[in-house]
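# Structural features, examined
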Amino acid sequence: MTERNGENGRITRRQLLKAGALVGGGALLGQAGRLLASAQEVAQSPAVQYPLAQAENQLYSSCLMCNTGCGIKVKVLDGVAAKIDGNPYNPFNLVPHVSYKTAPHQVAGVDAPLCPKGQAGLLSVYDPYRLRVVLKRAGPRGSNKWRTIPFDQAVREIVDGGKLFADIGEDRHVPGLRELWALRDPKVAKEMDAFVRRIRAEKDPAKKQALVREFQQTFRDHLHTLIDPDHPDLGPKNNQFLYFWGRQKAGRTEFARRFVQESFGSVNFHGHTTVCQGSLYFACKAMSEQYEFDEKDGKMKWTKGRKFYWQADTEHSEFVVFVGASPFEGNYGPTNRVPRLTEGLATGRLKFAVVDPRLSKTAAKAWKWIPARPGTEGALALAVIRWILDHQRYDARYLRNANKAAAEEDGEPTWCNATWLVKLEKGRPEGFLRASDLGLPVQKRSQEVKGKRVEYEFDPFVVLRDGRPVPFDPYDEQNPVEGDLLVDTTLNGIRVKSGLQLLGEEARRHSLQEWAEICGVRAEDIEELAREFTSHGKRAAADIHRGVSQHTNGFYNVWAWMTLNVLIGNLDWKGGMASAKVYDPSGEKEGQPFNLKELHPKRTTPFGVSIIRHETKYEESTLFRGYPAKRPWYPLSSDVYQEIVPSIGDAYPYPIKIAFLYMGSPAYSLPAGHTTIEVLKDPNKLPLFVAVDITVGETSMYADYILPDLSYLERWEFQGSHPNMTVKVQPVRQPVIPPVPETVRVFGEEMPISLEAFLLACAERLGLPGFGKDGFGPGQDLRRPEDFYLKMVANVAAGDRPGDAVPDASDEEVRLFLQARRHLPKSVFDPEKWKRAVGEAWWRKVVYVLNRGGRFQEYQKAFKGEQLANQYGTLVSIYSEKVAKTKNSMTGKPFPGLPAYIPAPRDALDRPVEDEKAGYDLHLITYREVSHTKSRTGTNYWLLALLPENFVLVHRQDAERLGLKDGDLVRVTSASNPDGMWPVLDGHSKPMVGRVRVTEGIRPGVVAFSLGHGHWAYGSVDLVIDGKVLKGDARRGRGIHANAAMRVDPVLKNVCLSDPAGASAVFYDTRVKLVREAS
Amino acid sequence: MPRYAMVVDLDRCMGCRACMEACKVENNTPTAAFWMYVFRFEEGEYPNTYIWFMPRPCMHCDNPPCAKVCPVGARYKREDGLVATDWDRCIGCRYCEVACPYGVNYFNWKEPVRNYYLDWGERDVRRVTNGQTPPYRNPDLDRPYGEEKRRVAGGGRLKGVVEKCTFCVQRVEEGLQPACVANCPAFALHFGDLEDPQSSVSQVLGRKHSWRLLEELGTEPRVYYVGAHPAHPESRQIEEVKARV
């Protein structure tokens, strides 16, 4: 422990060397040590003349200029944030990070790194176009005419409904929340939910119909609460209230879920996953499914697949292939991944390859750049798999392990199903072979469920061992079972193959040369890549992201690449693939003080199919009428962002009447996002549209009401982690500056207008349970945001098991805590109320966590020997019978159960889309400039200073062919947007025009633009508010945003192309033309 | 007396320009002025294309051509190696700008404002900040620096003087790293005392071959580069940030 030096509590150089020891060993010590050393002069100077280096002027929080959410140290002067640097406690900023035990005074002079977006955050927060009061539209939707109204009026109108727009000539009744809060009895909801499960499980149509009639009889007094009594599986009218979001982190997620799902009872609570990397998440979910007993269904099934993914532990890798991922620009990269990679490059420990049609900043440092044709990522992976199988360069020892005991024998944290036998039905691989298929015994098991013993069966899986079938339990810890890797045989008259055998057959559909031709790369490059990938034991990794997943074949591309990691058995090993681990704020872990789900006096069960038809099979629904369905169903995915608004437009499977949009901009962010505008601006399709936003954005401009929100420097959240972070963390976002929006009174408490104030006020007016007096239970009120969030901080402080709690803050730390918040008004910081929210017992632990901007495991604890300490640690699937038995709702055809190459793009009916035949001969992709993040940074003046407008990247050969040169203006057009326009308003469109940058750094035939520019709202155009014009600033609208050129699905016509399995919104499969514009 | 220098490791720099942003935020520089600048270069033909990056602050030369031509002694070399501008003396003749072969000087065309990217005096902006004036108030730093007690950083900058990188003298004198160095996510920038064999600059220079920009001019820069190579005629500058208005 570091010694104190005098009364200021800072440390001397000698002590700093010891502090260096505190941050842990490893090759990177020098960097943290260097930063720590830089603090010592400050520590020694008697009168610090640089106020930003004083701990009393610093608050730790979490950035949100992009979703990496690095740690930040916000330096405050006179109540205003003056500068933002990185948080040295946080491993996202420093490798290794400063020991959690270090006192804040000791690191006051340590500024950890932060990327350009993070540093420029102040100008996003102090943006003159931020909203402080509620806006209600004063013209047709999207007219940019607004009037300011009192907060209480907005809440009254949104809750009560009525003829809310009569003053502007709209004589229609607008439903309020009260009207949709139809089913209010949690007991009835629970019973209906259970009954609907029975209806869904019934396969026979006549019996299904009979069950529906029985349902109607059973619940005859409650049928008026349903959307459609003939289709009880649509759920209650409550579902016609939708809450959706772009970027919502833990904390706000739990708070809003409490409102929408647990209290109001709507199933429609959807995030944006599929616009980012949906198929990455959902392919990894399929790979991580476990075969377990399911309490609700009372039987064993594939369940608990994690919506997550793996990334490389680049700190220890010797070789990484980045595919469609650029950690130097995005990819949850700067500032956490960059130092780990650059250190590896500088010391010679690491080399990496980059597969990307564009020569990215990451490719700039690559050993090999492979500019494969977009959409052929899966083909490339299968080519590498083929080479590995042909040359037997896989980790056979790992792959042979069929169960946990076998894995443990080899010291392996994970095992896979490469050897499990799969039955072929008419030549097609489907379910796994089971013991009962061979006449072997089935196990009787039982389990306690809510006091009752439930009997169920386990039918063992089977491998072949030396030609003999061996049944086994995947989770058996006593009896190790290994299987033969390559099996193609007949057992008991059943044709079976092993998973690895099936994978090999997929990989051998083409020769290496043919695969190379499909990908448009050299076969030698594939060979060298495969050889390198298999030359570093477990210290090699395939690290992939959007470029792999955002295709119509994304799910299978992802699966193929992730399977490569399985083939070398690198999961949970240093330098291999890592998964994220966080300190859980929910309170569901033993030893945590506040289980927020349980702390609810009247929690209800939302039920029914969602508006995006996620995690549910079309065939099980009462809407099933053969193929194709009216719109696709997504049984393997969730948070299908691109489906939300078009489904509202088509009222499928039912109409949505009220939508709340939080921190999202589907019109701007989605491929073909312009199609959402048609729906959002039509009050007949969506009667009430409320947005919570910090300004009038590209989507909130179509809202009926905009509630001003707090920026990331004014609010609470729990940022969580990312898979590349091997250290267990929970960064906490907390208010560090006075709130910008006006102060209002809710439940008798003063607070700034915000998402929380709005939901609390709606709950107050509705009388919704779970909020206000006794909101958590008798004597425990939920009147203020801090009542909720500080309990979550206390859970983080408690840790994930008894005895894992952080120390109490010292008197000195409590003093610093108060002093550093001296500028915050009582509406957001009232120490007495804060303390009351968690109680005396937890208060000092909460202070300890908040003084450091969250909770961070010690660096050394993240590793044990050659393995990562924070492990995935279970079965991983290269073959999935669950996927193989799931059908595409549009074609009725089952999905392949293993990695395969499916050419892209394809439409909703699985037909090829061939716009190149119509002369659209350039392939459009997007990329991230490191200084921008999709919709929210393109208006930040400091970031615009680095890149006032983006470019259209064109290869020199294409430029010469088209007669284009640097700086020329071109319009991007496509088969579904031949005019190249954003239809912003009736009679007003924004052309998709950008400046050409000619380069040798992109695959010929491919053109690219970076995301973040080309706004048509967000302060870039004039607004009329209360009859007065608020001038827009044209600087904020420069550059090009060509998402509207992305292909509209030719079948569905109001949504982009999508991956039918992984649900990704497709960014990278559109063919375009570039049309020269007059300069 | 320390002998300050900077080492730029081009093997590590990945061109993110965080240093440019850090400098801008720390020093509240005017629009289109970048006291730190990161060049991005492209070379070769597809598919044998290469891109690389080169940060370029003021070189803080030991033989500074800018100081030599300054008619009023405003531009001077400090004992610790920093090349500074005394804004009380600068008359804005811009000789230094012409004399400098590295192009790091910026003439201050306008009255200084607290932030150059927004008019913080404007009603709408004040509305957002509850009437206060973010972001960093350089007037805080308006004080004499060094043993010679001259105003070389902070709010003393006036319309009509020439400005450039100060190695963040306001931070360095407090024992902190310059903002660009502290903020570099790639740890590509090193700053410290050449007299101290333990300093990271000494360590890196001891380990790796180094070179300096336009060494042949005899300016003796205090900024050293390791890794890669200087730009040459085949290097095409890409993604240029227009640094002059």
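In this report, we go over the structure that sits alongside the text. Since this is a predicted model, take the numbers as computed values, not measurements.

Our focus in this paragraph is the sheet that holds strand S11 (residues 319-323) of chain A. Residue and element names in this part refer to chain A. One open sheet holds the 4 strands; their spatial order is S13-S12-S11-S23, and the pairing between them is parallel. Strands with a single pairing partner mark the edges of an open sheet, and in this sheet they are strand S13 (368-370) and strand S23 (540-544). Going from strand to strand, the sheet's axes swing by 15° on average, the running direction of each strand aside. Bridge analysis of strand S12 (residues 351-355) against S13 gives 3 bridges, and the strand direction is parallel. Counted as the bridge partner of Val-354 is Trp-369 from S13. Set on the sheet, helix H20 (residues 554-567) makes contact with S11 and S23; between it and S23 the angle comes to about 165°.

This next bit is on the sheet that holds strand S16 (residues 428-432) of chain A. Residues and elements named next belong to chain A. Strands sit in the order S16-S15-S22-S21 across an open sheet of 4 strands; the sheet is antiparallel. This sheet does not close on itself; its edge strands, each paired only once, are S16 and strand S21 (488-491). Ignoring which end each strand starts from, the neighbouring axes of this sheet average 45° apart. Relative to strand S22 (residues 494-498), S21 is paired through 4 bridges, and the arrangement is antiparallel. For Thr-489, the partnering residue across the bridge sits in S22 and is Val-496. Across the face of the sheet, helix H16 (residues 499-507) comes into contact with strand S15 (421-425), S16, S21 and S22 while running at roughly 80° to S22.

Here the focus is unusual backbone geometry. Phi is mostly negative for residues that are not glycine, and the peptide bonds are mostly trans. Across the junction of Ala904(A) and Pro905(A), the peptide omega takes the value -5°, indicating a cis bond. Position of Pro905(A) among the secondary structure elements: in the loop between helix H29 (881-884) and strand S38 (922-927). The omega angle of the peptide bond from Tyr46(B) to Pro47(B) is -5°, so this bond is cis rather than trans. Note on placement: Pro47(B) falls in the loop between strand S2 (37-43) and strand S3 (50-56). For His60(B), which is not glycine, the phi torsion reads 45° and is therefore positive. With a phi angle near 70°, Arg94(B) is a residue other than glycine that sits in the positive phi range. Looking at the secondary structure, you find Arg94(B) in the loop between strand S5 (83-85) and helix H3 (95-99).

Cut-off values and rules
Residues numbered from 1 in each chain as written. Chains lettered and ligands numbered in written order. Predicted model: local features only at pLDDT ≥ 70, side-chain atom pairs only at ≥ 80, totals over all residues. Pairing = 2+ DSSP bridges. Helix = DSSP H or I, 4+ residues; strand = E, 2+ residues; numbered from the N terminus. Axes fitted to C-alpha atoms, helices over the stretch in contact; angles between N-to-C directions. Contact = placed C-beta atoms within 7 Å.

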